[in-house]
Amino acid sequence: MSKQTHSFQAEVAQLLHLVTHSLYSNPEIFLRELISNASDACDKLRFEALNDAGLYEDAPNLEVRVSFDKEAKTLTITDNGIGMSTQEAIDHLGTIAKSGTKDFMGKLSGDQKADAQLIGQFGVGFYSGFIVADKITVESRRAGMKPEEGVRWISGGTGDFEVESITRAARGTSVILHLRDDAEEFLNAWKLKQVIGKYSDHISLPILMEKEEWKESEKEGEPGAMVKTGEWETVNKASALWTRPKKDITDEQYQEFYKAISHDYENPLTWSHNRVEGNTEYTQLLYIPAKAPFDLYQRDKHAGIKLYVKRVFIMDDAESLMPSYLRFVKGVIDSADLPLNVSRELLQESRDVRLIRDGSVKRVLSMLEDLAKHDKHEAGAQADGVTDVVSEEDKAKEGKYTQFYAEFGAVLKEGLGEDFGNRERIAKLLRFASTTSDTPSVSFADYKARMKEGQEAIYYITADTLAAAKNSPQLEVFKKKGIEVLLMTDRVDEWALNYLQDFDGTPLQSVAKGAVDLGKLQDEAEKKAAEEAAEAFKPVLAKLKEALKDKAEDVRATTRLVDSPACLVVQDGGMSTQLARLLKQAGQ
Ligand code: ADP
Ligand code: MG
């Protein structure tokens with residue numbers, strides 16, 4: 001095939017413009033992205049070769065090579081993975097297949113710094129090469145195809161790219177970056193090794209670089225230089241991070257690994273790395289991010305868990321490994337017991353997967369419980385009078401749960417409806433605003449501890465905003481009696497609370513539903529006055545009822561109001577006004 005010119009998909013062109021024009025705060029991430037693609041390509045080959053060992057051809061040792069040419073100002077990353085056919089090069093390097101691409105583009109604000117963060121989250125992947133290069137050449141040949149069926153792809157990173165057929169004996173892909181003048185620092189072995197060590201040490205394949213040695217100049221008085229020796233050495237640890245013993249891994253390595261798998265710029269809030277033995281054997285390395293991703297509420301968004309079987313990558317987004325309400329968790333699960341050719345269908349039925357999922361959910365909940373426990377350190381809070389010593393480690397956890405909750409609290413609540421087995425643990429982790437706190441910091445347990453003598457229920461109100469909740473007439477009698485009411489303003493609250501009838505034996509009661517029975521909180525005189533009022537107003541109520549016949553089910557005298565003359569309430573077990581409004585909005 002002779003040379004053909006193709007245009008980039010509109011979104012790619014837009015992304016490229018941003019990549020090259022944004023102030024990229026750390027340009028070196030391009031190497032992480034390209035090495036990660038090389039490693040993915042090797043994973044794919046290994047996976048396809050499970051059914052067709054012939055794909056290995058005569059090169060069964062998968063590896064990545066990084067080399068540079070000072071004169072030509074090129075940096076090349078070569079892998080012997082799956083490679084690309086011509087059509088694949090056109091499709092994969094000319095379009096973005098990810099769901100939510102359009103959504104994502106719509107979120108860009110034009111503010112370079114904010115956008116750079118978003119782009120990082122989205123993962124520019126291959127296109128990050130254009131941070132340092134003004135031209136990229138990709139040469140590739142897919143495993144199993146003939147040498148003449150190779151492809152060359154060239155682009156200057158603007159509107160279009162060229163493809164042509166080439167002959168390439170070696171299977172796999174070379175990405176050749178023609179570096180910009182301001183990126184020449186990457187034509188340096190020491191620099192490259194440093195960047196690889198920082199971002200790609202956890203890659204389980206060997207990353208090779210050609211050894212260099214110092215050579216004195218032959219001419220007297222002239223300086224010597226580093227020259228290539230033709231010998232290649234492995235410059236990374238080449239063992240998957242999660243397979244190493246905990247004690248050999250530094251916090252920084254854990255954090256870099258997180259950034260590599262999550263495309264996040266920030267460090268995670270916390271993580272947990274364990275080898276689990278028992279009915280099924282697996283390793284889990286799970287992270288809680290510090291910031292919600294832009295697509296947290298996207299319907300087709302799955303958990304960010306990568307599944308490996310005995311260190312062979314099987315699939316991304318393995319939704320059967322983490323329930324939807326924990327979709328913000330990122331990490332790796334490596335099973336020793338699942339078959340290598342496990343399919344998504346099989347995953348859903350596997351007993352091992354169920355055990356792994358249960359174990360991972362429990363692990364995440366304990367991480368959260370641990371953060372919650374250390375969220376606030378109240379000095380002198382201990383009853384025994386002993387001054388408590390706070391370890392550095394615990395101190396570092398202060399405020400993290402509040403931070404977590406602000407980002408992911410609404411998602412966690414979905415768990416009440418989704419995970420019956422862990423409902424109580426989830427309920428304990430929830431925090432709400434209340435008539436005593438504008439910030440979501442009140443747990444059900446805090447509430448219970450402050451309940452009035454004789455109070456028999458946990459009272460809450462749902463509304464669209466905090467102000468609406470706080471000023472609701474439904475709250476009047478509670479204010480008067482000094483009874484705390486939880487203020488729920490997340491969209492999901494209404495739905496989620498349907499699944500929680502009580503907390504630790506105390507029923508939950510919406511103050512906007514049914515006749516509020518304050519029970520023992522009402523004294524005899526109040527009860528009597530209410531009964532008398534109901535009696536006295538009987539004729540008025542009957543008239544009102546007649547007048548509102550088609551609009552209201554019932555009209556009754558109430559003790560819940562103090563200042564307002566009337567309010568709307570929903571029948572017990574009825575749909576709340578907020579939910580009704582939501583459904584109306586949704587066109588139901
Ligand atoms: P992602 O890795 O998230 O899919 P990238 O932009 O990094 O996104 O890469 C886009 C696609 O290009 C990959 O999904 C893959 O299909 C293809 N690709 C990139 N690099 C390679 C490579 N070295 N070998 C084979 N395919 C590659
Ligand atoms: Mg990639």
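Residues numbered from 1 in each chain as written. Chains lettered and ligands numbered in written order. Predicted model: local features only at pLDDT ≥ 70, side-chain atom pairs only at ≥ 80, totals over all residues.

## Examining the overall build of the protein chain
Stage number 1. Scanning the protein chain from N- to C-terminus turns up 19 helices and 20 strands.
Stage number 2. By the burial criterion, 32% of the 588 residues in the protein chain qualify as buried.
Stage number 3. Put simply, 71% of the contacts in the protein chain that link residues at least 6 apart link residues at least 24 apart. (Helix = DSSP H or I, 4+ residues; strand = E, 2+ residues; numbered from the N terminus. Buried ≥ 20, exposed ≤ 12 C-beta atoms within 10 Å, placed from the backbone. Contact = placed C-beta atoms within 7 Å.)

## Let's talk about the site of ligand 1
Stage number 1. The full set close to ligand 1 counts 16 residues, and Asn37, Ala41, His92, Gly125 and Phe126 are the nearest of them.
Stage number 2. Put simply, the parts of the chain that give the shell around ligand 1 at least two residues each are α2 (29–49) and α3 (86–94).
Stage number 3. Ranked by residues supplied to the shell around ligand 1, first place goes to α2 with 5 residues. (Near = placed C-beta within 6 Å.)

## A few points about the pairing of strand β2 (residues 64–69)
Stage number 1. Burial of the side chains of β2 is restricted to one face: Val64, Val66 and Phe68 are buried, whereas none of Arg65, Ser67 and Asp69 on the reverse face is.
Stage number 2. With 6 bridges connecting them, β2 and strand β3 (residues 74–79) associate as antiparallel partners. The partner of aspartate 69 across the bridge, within β3, is threonine 74.
Stage number 3. Following β2, the chain reverses through 4 residues before pairing antiparallel with β3; lysine 73 in that reversal takes a positive phi of roughly 55 degrees.
Stage number 4. Across 3 bridges, β2 lies against strand β8 (residues 207–215) in parallel orientation. Bridging from a neighbouring strand, valine 66 pairs with methionine 209 of β8. (Pairing = 2+ DSSP bridges.)

## Topic: the environment of lysine 448
Stage number 1. Topologically, lysine 448 is positioned in helix α13 (residues 444–449).
Stage number 2. C-alpha separation for the pair lysine 448 and aspartate 504, spaced 56 residues apart in sequence, amounts to 9.2 Å.

## Regarding the sheet that holds β3
Stage number 1. On the basis of which strands lie adjacent, the open sheet formed by 9 strands has the order β1-β6-β5-β4-β7-β3-β2-β8-β9 and mixed pairing. For this open sheet the edge positions go to β1 (4–7) and β9 (225–234), each flanked by a neighbour on one side alone. Averaged over neighbouring strand pairs, the angle between their axes works out to 25 degrees when direction is ignored.
Stage number 2. One ladder, built from 6 bridges, connects β3 with strand β7 (residues 172–179); its direction is antiparallel. Along β7, the bridge assignment pairs leucine 75 with leucine 177.
Stage number 3. Those strands touched by α2 are β2, β3, β7 and β8, and its axis lies near 20 degrees from that of β3. (Axes fitted to C-alpha atoms, helices over the stretch in contact; angles between N-to-C directions.)

## Some remarks on the sheet that holds strand β11 (residues 282–288)
Stage number 1. Read across the sheet, 5 strands follow the order β10-β11-β14-β12-β13 without closing on themselves; strand pairing throughout is mixed. Each of the sheet's edge strands pairs with one partner strand only, and the pair in question is β10 (270–276) and β13 (312–315). Each strand of the sheet is rotated relative to its neighbour by a mean of 20 degrees, with strand direction disregarded.
Stage number 2. Here 7 bridges tie β10 to β11, and the two strands are oriented antiparallel to one another. Within the sheet, the bridge partner assigned to valine 276 lies in β11 and is tyrosine 282.
Stage number 3. Docked against the sheet, helix α7 (residues 251–262) engages β10, β11, β12 (304–309) and β14 (330–335), running at close to 95 degrees with respect to β14.

## Some details on α7
Stage number 1. With 12 residues, α7 ought to run about 16 Å at 1.5 Å a step, and its terminal C-alpha atoms sit 16 Å apart, in line with that.
Stage number 2. Looking at α7, one finds that the buried residues are Glu256, Phe257, Tyr258, Lys259, Ala260, Ile261 and Ser262.
Stage number 3. Looking at the packing, one finds that the buried side of α7 touches α2, α6 (189–199), β10, β11, β12 and β14.
Stage number 4. After α7 finishes, the residue histidine 263 shows a positive phi value of roughly 60 degrees. (Expected span 1.5 Å × (residues − 1).)

## Here we look at unusual backbone geometry
Stage number 1. If you check the backbone angles, glutamate 57 has positive phi at about 50 degrees while not being a glycine.
Stage number 2. For glutamate 57, the position within the fold is in the loop between α2 and β2.
Stage number 3. Residue glutamate 57 is classed as exposed on the basis of its C-beta count, with 12 C-beta atoms lying within 10 Å.
Stage number 4. Located in the positive-phi region is lysine 73, a residue other than glycine, with phi close to 55 degrees.
Stage number 5. For lysine 73, the position within the fold is in the loop between β2 and β3.
Stage number 6. C-beta crowding within 10 Å serves as the criterion here: with 17 such atoms nearby, lysine 73 is assigned to the partly exposed category.

## A word on the pairing of β14
Stage number 1. Judged by how many residues are buried, β14 sits mostly within the fold: 6 of 6 residues are covered.
Stage number 2. Neither face of β14 is open: one carries Lys330, Val332 and Asp334, the other Gly331, Ile333 and Ser335, and all of them are buried.
Stage number 3. Relative to β14, β12 runs parallel, the two sharing 6 bridges. Paired with leucine 307 across the two strands is isoleucine 333, which belongs to β14.

## Focus: the environment of lysine 193
Stage number 1. By secondary structure assignment, the location of lysine 193 is in helix α6.
Stage number 2. A count of 16 C-beta atoms within 10 Å places lysine 193 in the partly exposed class.
Stage number 3. A sequence separation of 159 residues divides lysine 193 from leucine 34, and the C-alpha atoms of the two residues are 15 Å apart.
Stage number 4. If near-sequence neighbours (up to four positions away) are discounted, lysine 193 is found in contact with Met209 and Val235.

## Looking at the confidence of the model for the protein chain
Stage number 1. When the pLDDT values of the protein chain are averaged, the result is 86; 86% of them are 70 or greater.
Stage number 2. This complex was scored by the predictor with a pTM of 0.72 and an ipTM of 0.99. (pLDDT = per-residue confidence, 0-100.)

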